[in-house]
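An overview of the molecular structure
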Amino acid sequence: MPLLFRRASLASLGLAFGLSALCLSPVMAQEAAPAAPAAAPVDPNAVVATINGQPLTEADLVLAEGELSQQFAQLPPEQRRAAALSAAIEIRVMAAKAVTDGLDKDPDFQRRMAFLQQRALHGEMVEKGVVNKVTDAEIRARYDQEIANTPPVNEVHARHILVKTKEEAEAIIKQLDGGADFQKLANEHTSDPSGKSNGGDLGWFGPGQMVPEFDKAAFALDVGKYTKEPVQSQFGWHVIKLEDKRAKQPPAFDDVKDQAKQAVIRDKYFALVKSLRAGAKVEIPDAKLKQAVDTMEAGK
């Protein structure tokens, strides 16, 4: 799905070879310089260069930088503009040569150009007909909907003592039954390096964050209680104490706003596609291929 939201790249195999010299230059081994302060607005119609009498404008250069951004990603910011202009000039002269040689009349090229135009129009439709029409109210409503549809979940605060054998764990439980301090025993006996100085404290965690055996035992305990039988996991034998339990708070809106927005975009996109597909006459003569397409469409 993410590929559908990307605009068609202007990069070609020839261009990639043309830019290879930049990628092999010593400057590529250096750390990228900090981003420069934002420049003052420029006239998009300002001419940056002329190629065989044809102007190349600031708008053309911005487009080249955007479309070829992956090729320029490792260049220092101050070199990207020059690299984009060099690439744009390269594209212009190679394209002119292709037209002179009649390559633009080749049927395969024309089919590819038609597809690229359709793909670019698809991108424009997604951006201007879907993304740009998403409102803050819709994003907030989607967040509220997700929170409302998410069952409440508890999270627990637990400690544990990890040892190698069941017998060691049983001996620790016997000491706890006799009134020994859990934190002191954890500092003395646990083989978990992170728990040797904090009494085996694991902090707060939710369901599924620990290995299944540990998870099941911890969530079954009452607050203040410890496991009366050793709990075995892939790491060894555990004695677990539950310090506290609480309802897990949902993530704040600002923390997940981007995810909520993407969910709204996705729903709007598929709704638009569905309506357009319903109004389009699509015929697929190959029955097997049609079935495969129908199955794929049904899963969206």
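Please refer to the structure higher up on the page.
A brief look at the structure comes next.

Rules behind the numbers
- Residues numbered from 1 in each chain as written.
- Predicted model: local features only at pLDDT ≥ 70, side-chain atom pairs only at ≥ 80, totals over all residues.
- Heavy atoms only, no water.
- Helix = DSSP H or I, 4+ residues; strand = E, 2+ residues; numbered from the N terminus.
- Buried < 20%, exposed > 50% of the residue type's maximum accessible area, 1.4 Å probe, protein only.
- Contact = heavy atoms within 4.5 Å.
- Pairing = 2+ DSSP bridges.
- Polar contact = N/O pair within 3.5 Å; in protein donor to acceptor, adjacent residues only side chain to side chain.
- Phe/Tyr/Trp six-rings, centres within 6.5 Å; stacked < 30°, edge-to-face > 60°.
- Lys NZ or Arg CZ within 6 Å of the ring centre and 35° of its normal.
- Axes fitted to C-alpha atoms, helices over the stretch in contact; angles between N-to-C directions.
- Patch = residues over 30% accessible without salt bridge, like charges linked within 9 Å, V, L, I, M, F, W, Y side chains within 5 Å.
- Areas by Shrake-Rupley, 256 points an atom, 1.4 Å probe, with all protein chains shown as cover.
- Salt bridge = Lys/Arg side-chain N within 4 Å of Asp/Glu carboxyl O.
- Lys, Arg positive; Asp, Glu negative; His and termini not counted.
- Charge placed at Lys NZ, Arg CZ, Asp CG, Glu CD.

Further remarks concern the environment of V231. If you trace the backbone, V231 turns up in strand β5 (residues 231–233). Relative accessible area serves as the criterion here: at 10%, V231 is assigned to the buried category. Remark: the alpha-carbon pair of V231 and E213, spanning 18 residues in sequence, is separated by 7.0 Å. Ignoring any residue separated from it by four or fewer positions in sequence, one finds V231 in contact with E213, F214, A217, G236, W237, H238 and I240.

Next up on the list: the pairing of strand β6 (residues 236–247). Examined bridge by bridge, strand β3 (residues 154–163) and β6 share 10 bridges and lie antiparallel to one another. Across the sheet, R159 pairs through a bridge with K241, a residue of β6. Remark: two residues form the turn of the hairpin made by β5 and β6, two consecutive strands paired antiparallel.

The next point concerns the side chain of H160. Note that H160 resides in strand β3. Under the relative-accessibility criterion, H160 is labelled buried at 5%. A polar atom in the side chain of H160 sits 3.1 Å from the side chain of H238. Apart from the residues within four sequence positions on either side, H160 is in contact with F182, A186, T190, D192, G200, L202, F214, H238, V239 and I240.

A separate point is the packing of aromatic side chains. Taken as a whole and judged by the stated rule, the model has four aromatic pairs. For the ring pair Y143 and F253, a centre distance of 5.3 Å and an interplane angle of 70 degrees mean the geometry is edge-to-face. Of the two residues, Y143 sits in helix α6 (residues 136–149) while F253 sits in helix α10 (residues 253–278), which places them 110 residues apart along the sequence. The class for F253 is buried, based on a relative accessible area of 16%. Measuring from ring centre to ring centre gives 6.3 Å for F205 and F214, while their planes differ by 55 degrees; the resulting arrangement is tilted. There is no split in this pair, since F205 and F214 are both buried. Through pairs of rings, three or more aromatic residues link up here, namely F205, F214 and F219. The lysine or arginine in question, R140, covers the ring of F253, its NZ or CZ lying 4.7 Å from the ring centre. Sitting over the face of the ring of W204, R246 holds its NZ or CZ atom 3.8 Å from the ring centroid.

All right, on to the sheet that holds β3 then. Spatially, four strands are ordered β4-β3-β6-β5 in an open sheet, and the strand pairing comes out antiparallel. Of all the strands in the sheet, the pair left with one neighbour each is β4 (201–205) and β5. Ignoring which end each strand starts from, the neighbouring axes of this sheet average 40 degrees apart. Inspection of the sheet shows β3 paired to β4 by three bridges, in the antiparallel sense. Note that in β4 the partner of H157 across the bridge is W204. Where helix α8 (residues 182–189) meets the sheet, it contacts β3 and β6, and its direction lies at approximately 50 degrees from that of β3. Strands β3, β4, β5 and β6 of the sheet are contacted by helix α9 (residues 212–220), whose axis makes an angle of about 50 degrees with β6.

A few words now on a negative patch on the surface. A cluster of acidic residues, E167, E168, E170 and E229, forms a negative patch at the surface. In this structure, E168 sits in helix α7 (residues 166–177). Judged by relative accessible area, which is 37%, E168 ranks as partly exposed.

Next up on the list: the environment of Q183. Topologically, Q183 is positioned in helix α8. Linking Q183 and G200, residues 17 residues apart in sequence, is a C-alpha distance of 6.6 Å.

Any functional reading would require information that these geometric values do not contain.
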